[in-house]
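# Understanding the architecture of this molecule
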Amino acid sequence: MTSREPRGVIQLIPDACTVCMICVQECPSWCIAIDSHHEEVSEEGARRPRTVSVLDRFTIDFGLCMYCGICVDVCPFDALEWQPQHDYPAATRSGLEHDTDRLASHGSS
Amino acid sequence: MLHSLLATREFRLAADPLVEVRVLALGLACCAVEVDAAVVAGILVPADGEPDREPVREPVREPGGGFRVLVVAGTVTTPLVPAVEAALGQRPLVDAVLAFGACASTGGPYWDAPTVINGVDRIVAVQQYVPGCPPCPEALRDALLSLAGR
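A short tour of the structure in this document, coming up. This is a predicted model, so every value here is computed, not measured. (Residues numbered from 1 in each chain as written. Chains lettered and ligands numbered in written order. Predicted model: local features only at pLDDT ≥ 70, side-chain atom pairs only at ≥ 80, totals over all residues.)

### Re the interface of chain A and chain B
To be explicit about the condition: For the purpose of contact definition, each residue receives a C-beta atom placed from its backbone, and two residues are in contact when these atoms lie within 7 Å. When residue character is reported, Ala, Val, Leu, Ile, Met, Phe, Trp, Tyr, Cys and Pro are called nonpolar, Asp, Glu, Lys and Arg charged, and the others, Gly included, polar.
Counting from both sides, the interface comprises 21 residues of chain A and, opposite them, 24 residues of chain B. When its residues are assigned to classes, the side of chain A that touches chain B shows twelve nonpolar, six polar and three charged.

This is the structure we're talking about:
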């Protein structure tokens, strides 16, 4: 007998993330960190430039994560997804902190 | 004393006949159940049990000793520190320490609790961290093989 649904990993789709911060607020173990900045976008015909948030860094600390999936559930833009991969032990404590690129790569491996 | 009840249990890793990995499992909290799940799944075999198959060549380390890994499974609270120290003091000494699960790795969801040690690496150097709350048995097998260099 083996576990049929391995508690996998959470993938980030960076392009879908709007930095709404809902996942950060809802995470019970405080394992998500987001850095962002604002940019003004000028559009032709608009009365004034729009201000948009731009994602700089999205980190999930899997050392703290309880894999409850609340972040996946609450994301209004489906920027977080479950992936089945479970093989990512780390030799260092900081190796459990997955940054934007690593989180984005989880779907492909 | 509570910690005297928490002795380690010894297993062999059944995944790879080329690697002789001895697992000393120290179950401190609920992640211990997942170590048992690895036994049920056949990933770990009790150390005194019959081998399921003969090694196709000599194990990496001396037979009998093997590569000994202490698997700390569960929350390390202040009263349980002596249990960890007792496990570390066993002879022969362990070759590596594996933090199994969020609590043993970092304190997990209890990182803010005053009686919780935020990771067993505050007591002893950890060679492998396995994330998860709890991790699945397969993650334990993968981490042990990774430690043994496979």
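There's more to say after this.
### Concerning the environment of Ile22 of chain A
All names here are of chain A. The following threshold applies: Helix and strand assignments follow DSSP, with helices taken as H or I runs no shorter than four residues and strands as E runs no shorter than two, numbered in order from the N terminus. For the exposure call, what matters is how many other C-beta atoms sit within 10 Å of a residue's own: 20 or more marks it buried, 12 or fewer exposed, and in between partly exposed, using C-beta atoms placed from the backbone.
Mapped onto the elements of the fold, Ile22 is located in helix H1 (residues 22–26). Given 15 C-beta atoms within a 10 Å radius, Ile22 is considered partly exposed. Each C-alpha atom of the pair Ile22 and Ala104 lies 19 Å from the other, and the pair is 82 residues apart in sequence. Discounting chain neighbours no more than four positions away, the residues touching Ile22 are Val74, Cys75 and Pro76.

### With respect to the nonpolar core
Residues and elements named next belong to chain B. Cut-off, in case you're wondering: A set of buried Ala, Val, Leu, Ile, Met, Phe, Trp, Tyr and Cys residues, joined to one another through C-beta atoms within 7 Å, is what we call a nonpolar core.
In terms of nonpolar packing, the biggest core is built from 68 residues, with Leu26, Val69, Val71, Val72 and Ala73 touching the most fellow members. With six residues, strand E4 (residues 67–73) is the single largest residue contributor to this core. If we ignore the near neighbours within four places in the chain, the residues touching Val71 are Val23, Leu24, Ala25, Leu26, Val35, Leu98 and Phe100.

### Observations concerning the sheet that holds strand E2 (residues 32–41) of chain A
Residue and element names in this part refer to chain A. The condition is simple: In short, DSSP must find at least two bridges between two strands for them to pair.
With antiparallel pairing, three strands are arranged side by side in an open sheet as E2-E3-E5. Only two strands of the sheet have a single partner each, and these edge strands are E2 and strand E5 (97–98). Looking at chain direction, strand E3 (residues 50–61) and E5 are connected through two bridges and run antiparallel. In the strand pairing of E5, Ile60 is matched with His98.

### Some words on the sheet that holds strand E2 (residues 21–27) of chain B
All names here are of chain B. Stated formally: Every angle, taken between N-to-C directions, lies between 0 and 180 degrees, and every axis is a line fitted to C-alpha atoms, over only the stretch in contact when it is a helix.
The strand order across the open sheet formed by six strands is E3-E1-E2-E4-E5-E6, and the pairing between neighbours is mixed. On the outer flanks of this sheet lie strand E3 (44–46) and strand E6 (128–130), each paired with one strand and no other. The mean angle between the axes of side-by-side strands here comes to 30 degrees, regardless of whether they run parallel or antiparallel. With four bridges connecting them, strand E1 (residues 9–13) and E2 associate as antiparallel partners. Counterpart to Glu10 in the pairing with E2 is Leu24. Across the sheet, helix H2 (residues 31–40) touches E1, E2, E3, E4 and strand E5 (96–100), and the angle it forms with E4 is around 135 degrees. Relative to E6, helix H5 (residues 137–147) is tilted by about 170 degrees, and along the sheet it contacts E1, E2, E4, E5 and E6.

### Points about the pairing of E3 of chain A
The sheet contact formed by E2 of chain A and E3 of chain A spans ten bridges and is antiparallel. Paired with Ile34 of chain A across the strands is Phe58 of chain A, a residue of E3 of chain A.

### Structural notes on the environment of Glu40 of chain A
Residues and elements named next belong to chain A. Mapping Glu40 onto the fold places it in strand E2. Along the primary structure Glu40 and His86 are separated by 46 residues, whereas in three dimensions their C-alpha atoms are 40 Å apart. Once you skip the residues sitting within four places of it in the chain, Glu40 turns out to touch Pro49 and Thr51.

### A few points about the packing of H2 of chain B against H5 of chain B
Residue and element names in this part refer to chain B. Using the following cut-off: When describing relative orientation, an angle under 35 degrees is termed roughly parallel and one over 145 degrees roughly antiparallel, while 65 to 115 degrees is termed roughly perpendicular and anything else oblique.
Where H2 meets H5, the axes come as close as 8 Å, and the angle between the chain directions of the two elements is 80 degrees. Comparing their axes, H5 and H2 come out roughly perpendicular. Residues Glu34, Ala37 and Ala38 of H2 form the contact with H5, whose participating residues are Pro137, Leu140 and Arg141. In terms of residue class, the contact of H2 with H5 is made up of four nonpolar, no polar and two charged.

### Section: helix H3 (residues 81–89) of chain B
Residues and elements named next belong to chain B. So the rule is basically this: The arc refers to the directions leading from the helix axis to the C-beta atoms.
Looking only at H3, the buried set comprises Ala83, Val84 and Ala87. End-on view of H3: buried residues confined to an arc of 100 degrees, all on one side of the axis. When the buried face of H3 is taken as reference, the exposed residues oriented beyond 90 degrees from it are Glu85 and Gly89.

### Looking at the environment of Phe11 of chain B
Examined against the element boundaries, Phe11 of chain B turns out to sit in strand E1. A C-alpha to C-alpha distance of 10 Å links Phe11 of chain B and Leu70 of chain B, two positions 59 residues apart in sequence.

Structural measurements only, silent on function.
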